[in-house]
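Below, each chain spelled out in residue letters.
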Amino acid sequence: MRAIHTDKAPKAIGPYSQAIETGGLVFVSGQLPVNPSTGEFAEGGIKEQTRQSLTNAQQVLQAAGTDLSRVVKTTVFLSDMDNFGAMNEVYAEFFSQPFPARSAFAVRTLPKGALVEIECIAEAQRS
């Protein structure tokens, strides 16, 4: 098991790793829409926050030596299901066919009042 860390994504805000690589897979922890340069949420609404969360996941995957094209599963947590359509528009900019399997659902609240949090599982890069 190998812990993954990059300064190009937000630091973990608790006792967890940005990602763990094990068994040929990379498990990326939920990515909040925090700009790692500022420590603040991406300015704007759900689209901007979705873009930042996916960019953060992309950076963690790159640190693990893989990328979004190898993602097999995502989970999207939304603070409001009314944001699903707008989130989906931005999500489609990051993934192409075959699209990863996905679950998306609304939760009561997200850390720091975020509108979205996204986690993913990807294949590790083959050597």
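For the structure itself, look to the data block above.
Since the model is a prediction, treat every value here as computed from it, not as a measurement.

Trainee: Help me out: how do you make sense of the overall build of the protein in this one?
Mentor: Scanning the protein for helices and strands turns up two helices and eight strands. When the helices and strands of the protein are listed from N to C terminus, the series reads β-β-β-β-β-α-β-α-β-β. Here the C-alpha atoms of the protein give a radius of gyration of 14 Å, agreeing with the 14 Å that 2.2 N^0.38 yields for 127 residues. Principal-axis analysis of the C-alpha atoms gives the protein an extent of 40 × 30 × 25 Å. Going through the 127 residues of the protein one by one, you find that 41% of them count as buried. Accessible surface, the protein: about 6900 Å² in total, of which carbon and sulfur atoms supply 49%. In the protein, 11 side chains carry a positive charge and 13 a negative one; their mean positions are 5 Å apart.

Trainee: Looking at this structure, I do not really get the layout of surface pockets. What am I missing?
Mentor: Unoccupied space between atoms shows up once a probe the size of one water molecule is rolled over them. Size it by volume and the largest pocket reaches roughly 260 Å³. Along the wall of the largest pocket there are 19 residues; nearest its centre are Pro10, Lys11, Ala12, Ile13 and Val34.

Trainee: Hey, could you run me through the sheet that holds strand β6 (residues 71-78) in this one?
Mentor: Pairing between sheet strands relies on hydrogen bonds along the backbone, with the strands arranged either parallel or antiparallel. As summarised here, the arrangement of the six strands in space is β1-β2-β3-β8-β6-β7, forming an open sheet in which the pairing is mixed. One side of each edge strand has no neighbouring strand; the edge strands of this open sheet are β1 (2-4) and β7 (101-106). Between one strand and the next, the sheet's axes are offset by a mean angle of 15 degrees, whatever the strand orientation. The pairing of strand β3 (residues 25-31) with strand β8 (residues 116-123) spans five bridges and is classified as antiparallel. Paired with Val26 across the bridge in β8 is Ala122. Contacts from helix α1 (residues 46-63) reach β1, β2 (19-22), β3, β6 and β8, with the element oriented near 30 degrees to β8.

Trainee: For this particular structure, what's the right way to read the side chain of Thr75?
Mentor: Here Thr75 is to be found in strand β6. Its relative accessible area of 11% is what places Thr75 among the buried residues. A polar contact of 3.3 Å, which involves the side chain of Thr75, links it to the side chain of Lys73. Here Thr75 is in contact with Ser103, Phe105, Glu117, Ile118 and Glu119, once residues within four sequence places are set aside.

Trainee: What should I look at first to understand helix α2 (residues 84-94) in this one?
Mentor: Because each turn of an α-helix spans 3.6 residues, side chains separated by three or four positions in sequence point in the same direction. Inspection of α2 places Met87, Val90, Tyr91 and Phe94 among the buried residues, and these make up the whole buried set. Down the axis of α2, the smallest arc covering the buried residues is 105 degrees, so these residues share one side. Looking at the buried residues of α2, the elements they touch are α1, β6 and β7.

The rules behind these values
- Residues numbered from 1 in each chain as written.
- Predicted model: local features only at pLDDT ≥ 70, side-chain atom pairs only at ≥ 80, totals over all residues.
- Heavy atoms only, no water.
- Helix = DSSP H or I, 4+ residues; strand = E, 2+ residues; numbered from the N terminus.
- Rg over C-alpha atoms; globule rule 2.2 N^0.38 Å.
- Buried < 20%, exposed > 50% of the residue type's maximum accessible area, 1.4 Å probe, protein only.
- Areas by Shrake-Rupley, 256 points an atom, 1.4 Å probe, with all protein chains shown as cover.
- Lys, Arg positive; Asp, Glu negative; His and termini not counted.
- Charge placed at Lys NZ, Arg CZ, Asp CG, Glu CD.
- 1 Å grid on protein atoms, 1.4 Å probe; cavity = no way out; pocket = protein on both sides within 12 Å on 5 of 7 lines; lining within 4 Å.
- Points joined across faces, edges and corners; volume = space filled by probe spheres on them.
- Pairing = 2+ DSSP bridges.
- Axes fitted to C-alpha atoms, helices over the stretch in contact; angles between N-to-C directions.
- Contact = heavy atoms within 4.5 Å.
- Polar contact = N/O pair within 3.5 Å; in protein donor to acceptor, adjacent residues only side chain to side chain.
- Arc of directions from axis to C-beta.

In short, the description is geometric, and any link to function would need to be established separately.
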